[in-house]
Amino acid sequence: MGDATGGAGTVIELDGVEKVFEVRRRAGALRRTRHEVRAVDGISFSVPRGEVVGYIGPNGAGKSTTIKMLTGILNPSAGRIRIDGIDPTRERTRLARRIGVVFGQRTTLWWDLPLRDSYHLVRRMYRIEPARYARNLEACVELLDLGPLLDVPVRQLSLGQRMRGDIAAALLHDPEVLYLDEPTIGLDVVSKTKVRSFLREVNAERGTTVLLTTHDLTDIETLCRRVMVIDHGRLVYDGDLAGLHAVGESERTLVVDFARELPPVELPGARCVRSEGPRQWLAFPASASAAPLVAALADRFPLVDLSVREPAIEDVIARMYGAAEDRRSGA
Ligand SMILES: Nc1ncnc2c1ncn2[C@@H]1O[C@H](COP(=O)(O)OP(=O)(O)OP(=O)(O)O)[C@@H](O)[C@H]1O
Ligand SMILES: [Mg+2]
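Only a predicted model underlies this, so the values are computations on that prediction, with no experimental measurement involved.

## Some thoughts on helix 1 (residues 63–71)
With 8 of 9 residues buried, helix 1 lies mostly within the body of the structure. Within helix 1 the residues assigned to the buried category are Lys-63, Thr-65, Thr-66, Ile-67, Lys-68, Met-69, Leu-70 and Thr-71. With its phi angle positive at about 90 degrees, Gly-72 sits one or two positions after the end of helix 1.

## What about the sheet that holds strand 6 (residues 177–181)?
Read from one edge to the other, the open sheet built from 6 strands follows the order 5-6-7-3-8-9, with strand pairing classed as mixed. Both edges of this open sheet fall to strand 5 (99–103) and strand 9 (234–239), since each of them pairs with a single strand only. Averaged over all pairs of adjacent strands, the angle between strand axes in this sheet comes to 15 degrees, irrespective of strand direction. Note that strand 3 (residues 52–56) and strand 7 (residues 209–213) share 3 bridges and pair parallel. When the bridges of strand 7 are listed, Val-52 appears paired with Val-210. Together, strand 3, strand 5, strand 6, strand 7 and strand 8 (226–231) form the strand contacts of helix 1, whose direction differs from that of strand 6 by roughly 150 degrees. Against the sheet, helix 5 (residues 159–171) contacts strand 5 and strand 6, and its axis sits at roughly 165 degrees relative to strand 5.

## Remarks on the environment of Ala-61
Assignment of secondary structure puts Ala-61 in the loop between strand 3 and helix 1. For Ala-61, a count of 22 C-beta atoms within 10 Å translates into the label buried. Taking the C-alpha atoms as reference, Ala-61 lies 36 Å from Arg-127; in sequence the two are 66 residues apart. In contact with Ala-61, not counting residues within four places along its chain, are Ile-230, Asp-231 and His-232.

## Some points on the nonpolar core
Ranked by internal contacts, the top residues of the largest apolar core, which has 69 residues, are Val-53, Ile-83, Tyr-179, Leu-211 and Leu-212. Ranked by residues supplied to this core, first place goes to helix 5 with 6 residues. Apart from the residues within four sequence positions on either side, Leu-212 is in contact with Val-52, Val-53, Gly-54, Tyr-55, Leu-180, Asp-219, Leu-223 and Cys-224. One finds Leu-254, Leu-282, Phe-284 and Leu-293 within the second-largest nonpolar core, a separate group that totals 7 residues.

## Here we look at the site of ligand 1
Near ligand 1, the surroundings consist of Phe-21, Val-23, Val-37, Ala-39, Gly-57, Asn-59, Gly-60, Ala-61, Gly-62, Lys-63, Ser-64 and Thr-65. Within the residue set of the shell around ligand 1, elements represented by two or more residues are strand 1 (10–26), strand 2 (32–48) and helix 1. A per-element tally of the shell around ligand 1 places helix 1 first, with 3 residues. Classifying every residue of the shell around ligand 1 by side-chain character gives 5 nonpolar, 6 polar and 1 charged.

## Comments concerning the environment of Leu-223
Relative to the elements of secondary structure, Leu-223 occurs in helix 7 (residues 217–223). For the pair Leu-223 and Leu-199, spaced 24 residues apart in sequence, the C-alpha separation works out to 7.9 Å. Those residues in contact with Leu-223 that sit more than four places away from it in its chain are Val-52, Arg-196, Leu-199, Arg-200 and Leu-212.

## Some details on the environment of Ala-318
When you line up the elements, Ala-318 lands in helix 10 (residues 313–328). Overall, Ala-318 belongs to the partly exposed group, with 15 C-beta atoms counted inside 10 Å. C-alpha separation for the pair Ala-318 and Gly-248, spaced 70 residues apart in sequence, amounts to 7.8 Å.

## Topic: helix 8 (residues 241–248)
All of the buried residues along helix 8 are Leu-241, Leu-244, His-245 and Gly-248. Down the axis of helix 8, the buried side of the element spans an arc of 100 degrees, and every buried residue falls inside it. Directly after helix 8, the chain includes Glu-249, whose backbone phi takes a positive value near 45 degrees.

Thresholds applied
Residues numbered from 1 in each chain as written. Chains lettered and ligands numbered in written order. Predicted model: local features only at pLDDT ≥ 70, side-chain atom pairs only at ≥ 80, totals over all residues. Buried ≥ 20, exposed ≤ 12 C-beta atoms within 10 Å, placed from the backbone. Helix = DSSP H or I, 4+ residues; strand = E, 2+ residues; numbered from the N terminus. Pairing = 2+ DSSP bridges. Axes fitted to C-alpha atoms, helices over the stretch in contact; angles between N-to-C directions. Contact = placed C-beta atoms within 7 Å. Core = buried A, V, L, I, M, F, W, Y, C linked by C-beta atoms within 7 Å. Near = placed C-beta within 6 Å. Nonpolar A, V, L, I, M, F, W, Y, C, P; charged D, E, K, R; others polar. Arc of directions from axis to C-beta.

Here it is in structure tokens:
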């Protein structure tokens, strides 16, 4: 276990962290101008042991840059980072034993090797004790359905199969902290569900602290009680998802197929925003439960099918700004 900051306390700590990239741009035939990109612009937060936190924001907000600093891949330009008391810049190797990382956009596995051999290399790199390795591998294989894939070279795996393979690789050495940078990107619904329930189980069983980046709100909804929103390198929200929905007054949509074409349905707490033949789209506050609405609908109309659509993360954030803007202008 950790040192003074270990135990039940804080695992991830950032204080005034900045990352400035210097980039050169072509300005005419020969001239290059230099300028700075402030990818992360003064971020402070802390995460207690065992928490699962969503780290969301639009493209280019600084999410991956933050994660790279938390793993020691990038050094911060300013500020202080501690993971379990460890400074990632100064003790990257010691940190590596405590953390697991998945970059959904890029595999950390060996392209030409079967999964099984990749895992063997991971075992040797981290000097994982054989019994523990066998136990962890077995759990991952079972929960992530990797059995039939173990002897397939990584390059022959589909995106969803490879992602599950990557997640397993990140967990074989029992990390205390897991960073997931878009672990469900490009996965189909079945694979996403599998990955989510696996992560939930890992967190519950091992108490792993998780920082999760995603563009899929359902990931956040099923996994995170706390969500942080980052934009232009700054933290603009830190709280629960219901709170985020509430600030932005965001809406979910119930897509309903009636047995026949109906005039736009009127119900308390919902409004029809679109209708096409027997299908209607009913918007309702994202902070409310869909259950009473579904019950009221089923009671009054002949239903064939229905599903709930989450708002896009980008929409929720945009609405959050819209609400702040309205407050400022006194609307
Ligand atoms: N190595 C680099 N050199 C220069 N600029 C960089 C570098 N890495 C990132 N940036 C810039 O820093 C900003 C933040 O990038 P980052 O990858 O952290 O965004 P992100 O929040 O992960 O976005 P996405 O949702 O698209 O993955 C962007 O403007 C990006 O162009
Ligand atoms: Mg990114």
